[in-house]
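# Structural characterization, general
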Amino acid sequence: MAAAAAGAGSGPWAAQEKQFPPALLSFFIYNPRFGPREGQEENKILFYHPNEVEKNEKIRNVGLCEAIVQFTRTFSPSKPAKSLHTQKNRQFFNEPEENFWMVMSKDGKPVIEYQEEELLDKVYSSVLRQCYSMYKLFNGTFLKAMEDGGVKLLKERLEKFFHRYLQTLHLQSCDLLDIFGGISFFPLDKMTYLKIQSFINRMEESLNIVKYTAFLYNDQLIWSGLEQDDMRILYKYLTTSLFPRHIEPELAGRDSPIRAEMPGNLQHYGRFLTGPLNLNDPDAKCRFPKIFVNTDDTYEELHLIVYKAMSAAVCFMIDASVHPTLDFCRRLDSIVGPQLTVLASDICEQFNINKRMSGSEKEPQFKFIYFNHMNLAEKSTVHMRKTPSVSLTSVHPDLMKILGDINSDFTRVDEDEEIIVKAMSDYWVVGKKSDRRELYVILNQKNANLIEVNEEVKKLCATQFNNIFFLD
Amino acid sequence: MGEEDYYLELCERPVQFEKANPVNCVFFDEANKQVFAVRSGGATGVVVKGPDDRNPISFRMDDKGEVKCIKFSLENKILAVQRTSKTVDFCNFIPDNSQLEYTQECKTKNANILGFCWTSSTEIVFITDQGIEFYQVLPEKRSLKLLKSHNLNVNWYMYCPESAVILLSTTVLENVLQPFHFRAGTMSKLPKFEIELPAAPKSTKPSLSERDIAMATMFKRFSCLSLPSSWDYRYGQLYVLFLRHHSRTSNSTGAEVVLYHLPREGACKKMHILKLNRTGKFALNVVDNLVVVHHQDTETSVIFDIKLRGEFDGSVTFHHPVLPARSIQPYQIPITGPAAVTSQSPVPCKLYSSSWIVFQPDIIISASQGYLWNLQVKLEPIVNLLPDKGRLMDFLLQRKECKMVILSVCSQMLSESDRASLPVIATVFDKLNHEYKKYLDAEQSYAMAVEAGQSRSSPLLKRPVRTQAVLDQSDVYTHVLSAFVEKKEMPHKFVIAVLMEYIRSLNQFQIAVQHYLHELVIKTLVQHNLFYMLHQFLQYHVLSDSKPLACLLLSLESFYPPAHQLSLDMLKRLSTANDEIVEVLLSKHQVLAALRFIRGIGGHDNISARKFLDAAKQTEDNMLFYTIFRFFEQRNQRLRGSPNFTPGEHCEEHVAFFKQIFGDQALMRPTTF
């Protein structure tokens, strides 16, 4: 494996200042119960990437992980090892379902600094957990696959899913936001919000097979009928995978709004992002991705219909036992399309009014990341664009690292606290934690002192967060 | 046809009078709505009965010849009796005034009096074939004074007491109508107008018959925003209704009623055409702002509501009957007389009888049977006859007694069996709230006008009257929504959708939503464990901030931990709940946070040291206790120049505790200079 070789062969010396992006060395899933006896070790392995690795090495690596977990369990029975740092690599362990272990290892640069890179540990542990959540969203739990078709089926599903998913894993662009796994909410006035509510309720009524609905605008969430955790991962899928895939055709103007070829249909901008591409094609396939939600209790299997008009996207989730026909899709298109088009332009208009009212848009002196654990609301002025492949931040990576360090400090204690760090080149980094909310501010003010920085942050809180209880 | 199908009925307690017969003449006065039964020219008695007064007035008068017309002035002060074509006799009914009759002859030579109308308690108009004469009656002098007169050829006349307008038919074809308006001693001539007569065969002379014309006022307004000079403001809008029978030669579909609007100022304008789609004998009533057209041939009636949307052709609006034609509800003549004969079965009354005489606005008289009825509209049956809920609401909101019917329509459309779709429910809510908002606005501008002191300068400024069409949040909550959310069989999705739709509608009309509606939403969401939905609603401030709501959220914390944060945020936004915030934080043992908060808003000089020290002690965190204790020592120093607590602060126990843990020497020493 090229990546492995590169990881092993290069150190910080070789690259001087330049940092090599971290690469995925291996990723495997195993269950120690499946091969408890000697000679059966191979049975434990459910998935192994890269698959080209020689069988014995796979077994060795799995065995090593098993041993580490067992060994650390003696010290902390409830919280066994989460990660392992070696000179050559780092490994992250996660046991999402009982006895099912997921392990990810990436190349590690031997650290010569005294500072531990805790940020990265937390980031990659989060990435690993996200891998499972994403798998579960589209495949259900490991256990369910076992029940449905035994190890064979589970292996098939894992292979099918992770083979593609791992290619989209860009570890180098992961940062604090991956730890939060937050949801960006679209700011909206009450009246427009109520109109959207009304729209959703009406659509659910007229398309009576819809079980849940989610509504997004500009890739930001406005309404979720799903529970928070399910929405979190679905949001991740929509914003990092499905929507970006459809940006290109939009930009190319391929979806002309004038659809004169559809008789009796009002002119609208609606189209399916999942499901049939062309409703006029009688052979169009109405196949929608299946998703699994509420896996802890009701365990529901749903079809995911994503329909979009301009910047507004609606996800209709219908029970998997119901098979949406082309007629249904046409009906949905004719009901939802015109209304969603009107609603999307309403939202856009209202958004522009609100933006104008909020005053001048002069570049502020600071950048911030906000996250609320309670509703997973996330807001970042640090990131210009965040997709799995690119994390376009407007600040130096070192500052991002400081943010991660502060976050680790916050995780260690339950109390509210505030940390102010003086970074290089006139930068100040402030972290505040108050009642399950976290705020990270990066200020750049020449010759500012601690008191001035504190004042600045107070001002920021007063303007940006005046309607929430945020202790200063 | 079931009973629930009839939407028109005769009033239950009619005015009963002696049947018309050769010795008993019956007269009806449209102004006072009184029936006069005159026996033998008055010699053997006159009995006057009105719809409101159950005590008839009876008196005798000398038989001085056949009575042509007999009417009381308003408030029954003076009786006027016409016995000849030249004179009218008067008799005072005012206590202490002479009851001797006095007579007034019409001023115009060779004119014949067609009739007279009282326009007030002492003002009377004579209508002659050559014009009109407006008199003031001076009862104490037993004489009349001519105020004004006008000469023109009159074929017939019609009087609308509600608007005090007399309509005179002039010209050979009788179709040019000249209105006059009377008010407080003045007579004003309004612009005349012509009624277009339908084409008639050459052989017959077309003419406008008095029978085909009616006058009625509709849509009294209660708003204080209208112009005070207009009578529209006080009496509603005056319409002249013309029943146009289409001649058989023309290939039209039937007769129609043409409505001319007669404004106080400006010309009369043809506004509405009511399509009857049938021919024959018709009679008109106006009930509850509805035009009722009775059709004798089929013995049915139809109703028209000109406020409902019709087909507008650029100048007039065409209307069709609101509902299918129905008979007036069968009526049983009540049995009167001795109790012994009540076992007799009641006699069904012949409806649409040719002996019926119809008067405006809502009166039907059967002179041969001796009954005067008020025609009434029954709203309940209409609910099922009008399937379009939006139109039904438009219709009901214009009716006087609509409140309970509307509320029952709302309950019905939310019931499982008759459940309406959400867009329909939204339309209904929007219509209710549109009416509600109009009233709130009128109230507000009234309040502002009162505040600005306009009430004295403008006597016409009246407090807006709240009609039954104003259904506020408490009405809808009490009669519709609270019962609706209790229904177990109702899918919660629908319940929430309906509540949100009502809240959306209120917001759309910029009506502040009452907190009990929000509580209903929260209650429903909590019952179904839909906390995340609740969270999202709060996040977008759909449920408005209030202290009760914040407290409700606090109580939900054990089921849904984020409720705590939501509650604190809400208290913070209220900005009047700082004490509550401190209490919440202290109850969570967040003593330092509470102190920092109160210091942040500058209230730390007035807080009770004991309360904070108590809370700090409870945490069993000695360092925290130390910090809090030191803070108050410093406060004491700053405020009183000494770090010691005063006896009034009741902190002795905490001082002792502090000493016990940290030693005497840890106490702050007073700074002295």
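So, how was this worked out
- Residues numbered from 1 in each chain as written.
- Chains lettered and ligands numbered in written order.
- Predicted model: local features only at pLDDT ≥ 70, side-chain atom pairs only at ≥ 80, totals over all residues.
- Heavy atoms only, no water.
- Helix = DSSP H or I, 4+ residues; strand = E, 2+ residues; numbered from the N terminus.
- Contact = heavy atoms within 4.5 Å.
- Pairing = 2+ DSSP bridges.
- Axes fitted to C-alpha atoms, helices over the stretch in contact; angles between N-to-C directions.
- Buried < 20%, exposed > 50% of the residue type's maximum accessible area, 1.4 Å probe, protein only.
- Parallel < 35°, antiparallel > 145°, perpendicular 65-115°, else oblique.
- Nonpolar A, V, L, I, M, F, W, Y, C, P; charged D, E, K, R; others polar.
- Patch = residues over 30% accessible without salt bridge, like charges linked within 9 Å, V, L, I, M, F, W, Y side chains within 5 Å.
- Areas by Shrake-Rupley, 256 points an atom, 1.4 Å probe, with all protein chains shown as cover.
- Salt bridge = Lys/Arg side-chain N within 4 Å of Asp/Glu carboxyl O.
- Lys, Arg positive; Asp, Glu negative; His and termini not counted.
- Charge placed at Lys NZ, Arg CZ, Asp CG, Glu CD.
- pLDDT = per-residue confidence, 0-100.
- Core = buried A, V, L, I, M, F, W, Y, C linked by side-chain atoms within 4.5 Å.
- Buried area = accessible area lost by both parts, 1.4 Å probe.
- Polar contact = N/O pair within 3.5 Å; in protein donor to acceptor, adjacent residues only side chain to side chain.
- Expected span 1.5 Å × (residues − 1).
- Arc of directions from axis to C-beta.

Below, the discussion takes up unusual backbone geometry. Negative phi values dominate among residues other than glycine, just as trans dominates among peptide bonds. Residue proline 50 of chain A follows histidine 49 of chain A across a cis peptide bond; omega there is -5°. Note the cis peptide between glutamine 360 of chain B and proline 361 of chain B, where omega equals -5°. As for its position among the elements, proline 361 of chain B is in the loop between β31 (356-359) and β32 (363-366). Residue asparagine 277 of chain B is not a glycine yet carries a positive backbone phi of 60°.

What follows is about the environment of valine 123 of chain A. Residue and element names in this part refer to chain A. Topologically, valine 123 is positioned in helix α4 (residues 118-139). As a C-alpha pair, valine 123 and aspartate 319 span 196 residues in sequence and 34 Å in three-dimensional space. When near neighbours in sequence (up to four residues on either side) are disregarded, valine 123 contacts Cys174, Asp175, Leu176, Asp178 and Ile179.

This paragraph deals with the sheet that holds strand β5 (residues 100-107) of chain A. Residue and element names in this part refer to chain A. Spatially, β2-β1-β5-β4-β3 is the arrangement adopted by the 5 strands of the open sheet, whose pairing is antiparallel. Edge strands, defined here as strands with exactly one partner in the open sheet, are β2 (45-49) and β3 (83-85). Pairs of neighbouring strands in the sheet enclose a mean axial angle of 10°, with direction left out of account. In the sheet, β3 pairs with strand β4 (residues 89-97) via 3 bridges, with the strands oriented antiparallel. For leucine 84, the partnering residue across the bridge sits in β4 and is glutamine 91. Against the sheet, helix α5 (residues 142-165) contacts β1 (24-30), β2, β4 and β5, and its axis sits at roughly 5° relative to β2.

Residues and elements named next belong to chain B. Only one face of strand β5 (residues 46-49) is buried: it carries Val46 and Val48, and the other face, with Val47 and Lys49, is open. Summarising the sheet, strand β4 (residues 34-39) and β5 pair through 4 bridges and their orientation is antiparallel. Bridge pairing links valine 38 to valine 46 in β5. Counting the residues between successive antiparallel strands, the hairpin from β4 to β5 contains 6 residues, one of them, serine 40, with a positive phi of roughly 50°. Bridge count for β5 against strand β6 (residues 57-59) is 3 bridges, and the pairing is antiparallel.

The next thing to look at is the sheet that holds strand β7 (residues 69-72) of chain B. Residue and element names in this part refer to chain B. Read from one edge to the other, the open sheet built from 4 strands follows the order β7-β8-β9-β10, with strand pairing classed as antiparallel. Two strands close off the open sheet at either side, each with one partner strand: β7 and β10 (102-105). Along the sheet, successive strands turn relative to each other by an average axial angle of 20°, direction set aside. With 4 bridges joining them, strand β9 (residues 87-92) and β10 adopt antiparallel strand pairing. Across the sheet, residue threonine 87 finds its bridge partner in β10, namely glutamate 105.

This part takes up the packing of helix α13 (residues 578-587) of chain B against helix α15 (residues 609-618) of chain B. Two measures define how a pair of helices packs: the angle their axes make with one another and the distance between the axes. Residues and elements named next belong to chain B. Between α13 and α15, the shortest axis-to-axis distance is 10 Å and the interhelical angle comes to 25°. Compared by their axis directions, α13 and α15 come out roughly parallel. Between α13 and α15, the residues in contact are Val582, Glu583 and Leu586 and Lys611, Phe612 and Ala615, respectively. Here the residues of the contact of α13 with α15 are counted per class, giving 4 nonpolar, no polar and 2 charged.

All right, on to a negative patch on the surface then. Together, Glu227, Asp229, Asp296 and Asp297 of chain A give the surface a local cluster of negative charge. Within the element layout of this structure, aspartate 297 of chain A appears in the loop between β9 (290-293) and β10 (300-309).

Once that is clear, we can look at the confidence of the model for chain B. All names here are of chain B. Of the residues in chain B, 92% have a pLDDT of 70 or more, and the chain-wide mean is 85. Within chain B, helix α1 (residues 231-235) has the poorest average pLDDT of any element, 49, and helix α8 (residues 492-508) the best, 94. Low pLDDT, under 50, characterises residues 222-233; the stretch is placed with 29 contacts to residues that sit more than four places away or in other chains.

Turning our attention to the nonpolar core. Side chains of nonpolar character tend, in soluble globular proteins, to be buried together. Core analysis: the biggest nonpolar cluster contains 239 residues, and Phe27, Phe162 and Phe215 of chain A together with Leu481 of chain B have the highest contact counts within it. Considering every element that reaches this core, the biggest residue donor is α4 of chain A, with 11 residues. Not counting chain neighbours up to four residues away, the residues in contact with phenylalanine 27 of chain A comprise Phe47, Tyr48, His49, Met102, Val103, Met104, Leu128, Cys131, Phe162 and Leu166 of chain A.

A few words on the pairing of strand β17 (residues 427-434) of chain A. All names here are of chain A. Most of β17 is tucked away: 7 of the 8 residues are buried. The pairing of strand β16 (residues 417-422) with β17 spans 6 bridges and is antiparallel. Residue pairing in the sheet places isoleucine 420 in a bridge with valine 430 of β17. Taken together, β17 and the strand that follows it, strand β18 (residues 437-444), pair antiparallel across an intervening segment of 2 residues, in which aspartate 435 is found at a positive phi of about 45°.

This next bit is on the side chain of lysine 136 of chain A. All names here are of chain A. Looking at where lysine 136 falls in the secondary structure, it is placed in helix α4. One buried charged side chain, lysine 136, makes no salt bridge at all; its nearest oppositely charged neighbour is aspartate 296, positioned 5.1 Å away. Beyond its immediate sequence surroundings of up to four residues, lysine 136 is in contact with Thr141, Phe292 and Thr295.

Okay, the interface of chain B and chain A next. Listed by partner, the interface residues are 39 residues for chain B and 39 residues for chain A. Summing both partners gives a buried area of about 3,400 Å² for chain B against chain A, and 55% of it is carried by carbon and sulfur. On the chain B side of the contact with chain A, Tyr532, Tyr540 and Gln565 of chain B bury the most area, a combined 24% of that side's loss. The tally of links from chain B across to chain A stands at 4 salt bridges. Between arginine 437 of chain A and aspartate 569 of chain B there is a salt bridge; the shortest N-O distance is 2.4 Å. Inspection of the region where chain B meets chain A yields 11 residue pairs in polar contact (both at pLDDT 80 or more). Sorting the residues of the side of chain B that touches chain A by element identifies α5 (422-451), α8, α10 (531-539), α12 (562-574), α13 and α14 (591-600) of chain B as the ones contributing at least two each. A total of 9 residues in the side of chain B that touches chain A trace back to one element, the largest contributor, which is α8 of chain B.

Within the secondary structure layout, histidine 518 of chain B lies in helix α9 (residues 515-527). Taking relative accessible area as the criterion, histidine 518 of chain B reaches 1% and is therefore assigned buried.

Residue and element names in this part refer to chain A. The end-to-end C-alpha distance of helix α11 (residues 450-464) is 21 Å, a good match for the 21 Å that 15 residues give at a rise of 1.5 Å each. Residues of α11 that are buried: Val453, Glu456, Val457, Leu460 and Cys461. Burial along α11 is one-sided: seen end-on, the buried residues are contained in an arc of 135°. Facing away from the buried surface of α11 by more than 90 degrees, the exposed residues are Ile451, Lys459 and Thr463. Among the residues of α11, the N-terminal cap falls to asparagine 449, whose side-chain oxygen and the backbone nitrogen of isoleucine 451 are separated by 3.1 Å.

Below, the discussion takes up a positive patch on the surface. Residues and elements named next belong to chain A. Taken together, the side chains of Lys160, Arg164, Arg245, Lys285 and Arg287 define a basic patch exposed on the protein surface. Checked against the element boundaries, arginine 245 lands in helix α8 (residues 228-251). A residue is classified by how much of its surface remains accessible, and arginine 245, at 47% relative accessible area, is partly exposed.

This brings us to the pattern of salt bridges. In the structure shown here, the tally under the stated rule is 52 salt bridges over all chains. Among the salt bridges present, the one from lysine 432 of chain A reaches glutamate 418 of chain A, with a minimum N-O distance of 3.7 Å. Residue lysine 432 of chain A is found in strand β17, and its partner glutamate 418 of chain A is found in strand β16; the two are separated by 14 residues along the sequence. Using a relative accessible area of 29% as the deciding quantity, one classes glutamate 418 of chain A as partly exposed. A salt bridge links glutamate 649 of chain B to arginine 635 of chain B; the nearest nitrogen and oxygen atoms lie 3.5 Å apart. Linking glutamate 649 of chain B in the loop between α16 (622-640) and α17 (652-662) with arginine 635 of chain B in helix α16, this pair joins segments that are 14 residues apart in sequence.

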